[in-house]
Amino acid sequence: MLLLAQIEPVEQDSLQEKYLLIEGDSIPRKYIDLDEVLVLPDLKFRDKDERYRYLILRRKTRKVYPYAKMAAERLIELNEELKQFEKRRKKKKHAKKVQKFIEKEFSAELKKLTKTEGQILVKLIHRQTGKTAFQLVKELRNGWRAFWYNNTASLFDIKLKREFAPLDVEEDYLIEDILRRDFQNGRLERQEPAFEIDYYDLLNKWKTSKAITKKQ
């Protein structure tokens, strides 16, 4: 007797991975990269004066942040360009050329800043570059000019050596809060800081600090 049978192939793996084709990207992806989203608490102020001070600080921060962002971008570009030069003399010559370009392009606008706006800018430059304004001037110019600029700025209560310290200085924490909110609502273009800043650590620290002050 002749028997005929059809054997169905056994499917070894029934899982099928799905890929996404994003417009403008020729490489299929399994997932989409999403920006970090922070859950920001509602703004609460103890009185009208505190609210007024926050709004003024927000206006000034929004004004000077683009300059700090530009400084970080220019510094990255400069460092990449300097890698192309082997001789120190050529590196120094190129750095001086870039510095003159930056001064010519932005000095007129920077001169319009008020004293407090200058203070905020110095802090944000440190946030975005990881270096104080004094260190940047010293690297791009020379030590004497850095000393001179620092002492001249001191006349206007602007310390070029000042760092951005949101965990220790309440105003810096408020500036960080302003930036995070404006990054999320699209008011300011996000640029990551040069060093790690944990927003929730700041929030817990200053909420606790205010609670202790209120009890006293």
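Details of the structure are given in the entry above.
Residues numbered from 1 in each chain as written. Predicted model: local features only at pLDDT ≥ 70, side-chain atom pairs only at ≥ 80, totals over all residues. Heavy atoms only, no water.

This brings us to the packing of helix α1 (residues 48–82) against helix α6 (residues 170–185). Contact pair α1 / α6: the axes reach a minimum separation of 10 Å and the direction vectors enclose 65°. It follows from the interaxial angle that α1 and α6 lie roughly perpendicular. The element α1 and its partner α6 pack so that their crossing is right-handed. The residues of α6 that touch α1, namely those facing Y54, L57, R58, T61, R62 and Y65, are E171, L174, I175, D177, I178, L179, R181, D182 and F183. (Axes fitted to C-alpha atoms, helices over the stretch in contact; angles between N-to-C directions. Helix = DSSP H or I, 4+ residues; strand = E, 2+ residues; numbered from the N terminus. Parallel < 35°, antiparallel > 145°, perpendicular 65-115°, else oblique. Left-handed = near helix turned anticlockwise from the far one by under 90°. Contact = heavy atoms within 4.5 Å.)

Our next topic: the side chain of T132. Checked against the element boundaries, T132 lands in the loop between α3 (115–129) and α4 (133–140). For T132, a relative accessible area of 4% corresponds to the buried category. Setting aside residues no more than four positions away along its own chain, T132 makes contact with H126, L160, K161, R162 and E163. (Buried < 20%, exposed > 50% of the residue type's maximum accessible area, 1.4 Å probe, protein only.)

Applying the stated criterion across every chain yields a total of eleven salt bridges. E189 is the partner of K69 in a salt bridge, and the nearest nitrogen-oxygen pair spans 3.6 Å. Residue K69 is located in helix α1, and its partner E189 is located in the loop between α6 and α7 (199–215); the two are separated by 120 residues in the primary sequence. Using a relative accessible area of 56% as the deciding quantity, one classes E189 as exposed. Within this structure, K60, K63 and E117 form a network of salt bridges that share partners. (Salt bridge = Lys/Arg side-chain N within 4 Å of Asp/Glu carboxyl O.)

Here we come to the side chain of D172. Relative to the helices and strands, D172 is located in helix α6. Exposure remark for D172: the relative accessible area of 1% places this residue in the buried category. Dropping the residues within four chain positions of it, D172 is found in contact with K123, E163, F164, A165 and P166.

A few words on the packing of α3 against α6. Packed helices, taken two at a time, are described by the angle their axes make and the gap between the axes. Axis separation between α3 and α6 bottoms out at 12 Å; the angle between their running directions is 70°. Looking at the two axes, α3 sits roughly perpendicular to α6. The element α3 and its partner α6 pack so that their crossing is right-handed. Contacts between α3 and α6 involve I120, K123, L124 and R127 on the former and, on the latter, E171, D172, I175, E176, L179, R180 and F183.

Okay, the environment of D182 next. Tracing the backbone shows D182 in helix α6. For D182, a relative accessible area of 2% translates into the label buried. Residues D182 and R62, spaced 120 residues apart in sequence, show a C-alpha to C-alpha distance of 8.6 Å. D182 has contacts with R62, R187 and L188, leaving out every residue within four places of it along the chain.

Let us look at a positive patch on the surface. Residues K87, R89, K90, K93 and K97 make up a contiguous surface patch of positive charge. Relative to the helices and strands, K97 resides in helix α2 (residues 88–110). (Patch = residues over 30% accessible without salt bridge, like charges linked within 9 Å, V, L, I, M, F, W, Y side chains within 5 Å. Areas by Shrake-Rupley, 256 points an atom, 1.4 Å probe, with all protein chains shown as cover. Lys, Arg positive; Asp, Glu negative; His and termini not counted. Charge placed at Lys NZ, Arg CZ, Asp CG, Glu CD.)

Right, let's talk about α6 for a bit. Since there are 3.6 residues in each turn of an α-helix, residues three or four apart along the chain are aligned in direction. The first and last C-alpha atoms of α6 sit 23 Å apart over 16 residues, in line with the 22 Å expected at 1.5 Å per residue. Restricting attention to buried positions, one finds in α6 the residues D172, Y173, I175, E176, D177, I178, L179, R180, R181, D182 and F183. Where α6 terminates, the next one or two residues include G186, which has phi positive at roughly 80°. (Expected span 1.5 Å × (residues − 1).)

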